[in-house]
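# Structural overview for review
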Amino acid sequence: MNAKPLLTYRRHFRLPFRHTNSGSSSTSPAHGAVWEGSFAAIADGQVVGLSTLETIDNETDVEVGFTAVRRDYRGRGIALALKLHTIAYAKAMGVTGIRTDNDSTNQAMWHINQRLGFLRGPVWVVLRRQEQEEVR
Ligand SMILES: CC(C)(COP(=O)(O)OP(=O)(O)OC[C@H]1O[C@@H](n2cnc3c(N)ncnc32)[C@H](O)[C@@H]1OP(=O)(O)O)[C@@H](O)C(=O)NCCC(=O)NCCS
């Protein structure tokens, strides 16, 4: 019997939307996508997850920038697999280091990043000054 894979991982795609994040990397003029090293998870012909590889201001390092999985496909190891593909591509590029960002409240991604061997670096704190009473 031929088993049909639930998922395939496809290299080189373009995001159908503009991606920004609040991390320092997005403010770097050298920050840009490495599309050939970015991966999508495909199920039944649809994109159900993605992980992007991006350049940063440091020329010898790259960043695994944005990883997301469709809600109904979460908890199956897809994000981990996508990041592994992206990291493998970056390693093959010969980079000296790979960076990634993690919102402190994102426990799932924190767990994944630790499993992948990322070590905690400088912490960014987002500050907000309340100017007006919020409308409820
Ligand atoms: C974060 C995200 C990409 C994870 O995708 P996913 O495919 O469900 O992730 P995986 O299945 O590969 O792994 C999830 C891991 O987190 C763990 N996890 C999930 N919730 C957790 C929690 N609250 N606390 C600790 N660990 C948690 C799971 O147990 C699993 O680890 P395990 O395989 O060792 O058991 C997905 O939730 C998502 O798309 N979120 C919105 C976008 C986002 O926040 N992206 C990250 C910013 S770059």
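Residues numbered from 1 in each chain as written. Predicted model: local features only at pLDDT ≥ 70, side-chain atom pairs only at ≥ 80, totals over all residues.

Regarding its fold elements, the chain presents 2 helices and 6 strands. Starting at the N terminus and walking to the C terminus, you meet the elements of the chain as β-β-β-β-β-α-β-α. Looking at the chain alone, contacts between residues at least 24 apart form 59% of all its contacts between residues at least 6 apart. (Helix = DSSP H or I, 4+ residues; strand = E, 2+ residues; numbered from the N terminus. Contact = placed C-beta atoms within 7 Å.)

What follows is about unusual backbone geometry. With a phi angle near 50°, Asp44 is a residue other than glycine that sits in the positive phi range. Along the polypeptide, Asp44 turns up in the loop between strand S3 (39-43) and strand S4 (46-55). When the 8 C-beta atoms within 10 Å are taken as the criterion, Asp44 is described as exposed. (Buried ≥ 20, exposed ≤ 12 C-beta atoms within 10 Å, placed from the backbone.)

Taken together, 18 residues are adjacent to the ligand, and Arg74, Ala79, Leu80, Gln107 and Ala108 come closest. Listed by contribution, the elements that provide at least two residues to the shell around the ligand are strand S5 (61-69), helix H1 (78-93) and helix H2 (107-115). Considering every element that reaches the shell around the ligand, the biggest residue donor is H2, with 6 residues. (Near = placed C-beta within 6 Å.)

A one-sided burial pattern is seen for strand S6 (residues 97-100), the buried positions being Ile98 and Thr100 and the unburied ones Gly97 and Arg99. One ladder, built from 4 bridges, connects S5 with S6; its direction is parallel. The residue bridging Asp61 from the neighbouring strand is Gly97, located in S6. Handedness of the crossover joining S5 and S6 through H1: right-handed. (Pairing = 2+ DSSP bridges. Right-handed = clockwise from strand over helix to strand, strands pointing away.)

So, on to the pairing of S5. Where S4 and S5 come together, 6 bridges link them in antiparallel fashion. The residue bridging Leu53 from the neighbouring strand is Val64, located in S5. Here S4 hands over to S5 after 5 residues, the two strands then running antiparallel side by side.

This next bit is on the nonpolar core. Nonpolar side chains in soluble globular proteins tend to be buried together. Core analysis: the largest hydrophobic core is formed by 10 residues, namely Phe39, Ala40, Ala41, Val48, Leu50, Val69, Ile78, Ala79, Leu82 and Ile112. Those elements that place two or more of their residues in this core are S3, S4 and H1. Residues within four places of Leu82 in sequence aside, it is in contact with Tyr9, Phe39, Ala41, Gly49, Leu50, Ser51 and Thr67. Ranked by size, the runner-up nonpolar core spans 9 residues in total, among them Leu53, Val64, Ile87 and Tyr89. (Core = buried A, V, L, I, M, F, W, Y, C linked by C-beta atoms within 7 Å.)

This part is about the confidence of the model for the chain. Here the chain shows a mean pLDDT of 83. Residues at 70 or above account for 79%. No element of the chain has a lower mean pLDDT than strand S1 (residues 8-11), at 69, and none a higher one than H2, at 98. Low pLDDT (under 50) marks residues 16-29, which in the prediction has 18 contacts with non-local residues, meaning those over four places away or in another chain. (pLDDT = per-residue confidence, 0-100.)

Before going further, it helps to spend a moment on the environment of Ile98. With respect to the element layout, Ile98 can be found in strand S6. Here the alpha-carbon distance between Ile98 and Leu53, two residues 45 residues apart in the chain, equals 9.5 Å. With near-sequence residues (within four places) excluded, Ile98 lies in contact with Asp61, Val62, Val64, Ile87 and Ala90.

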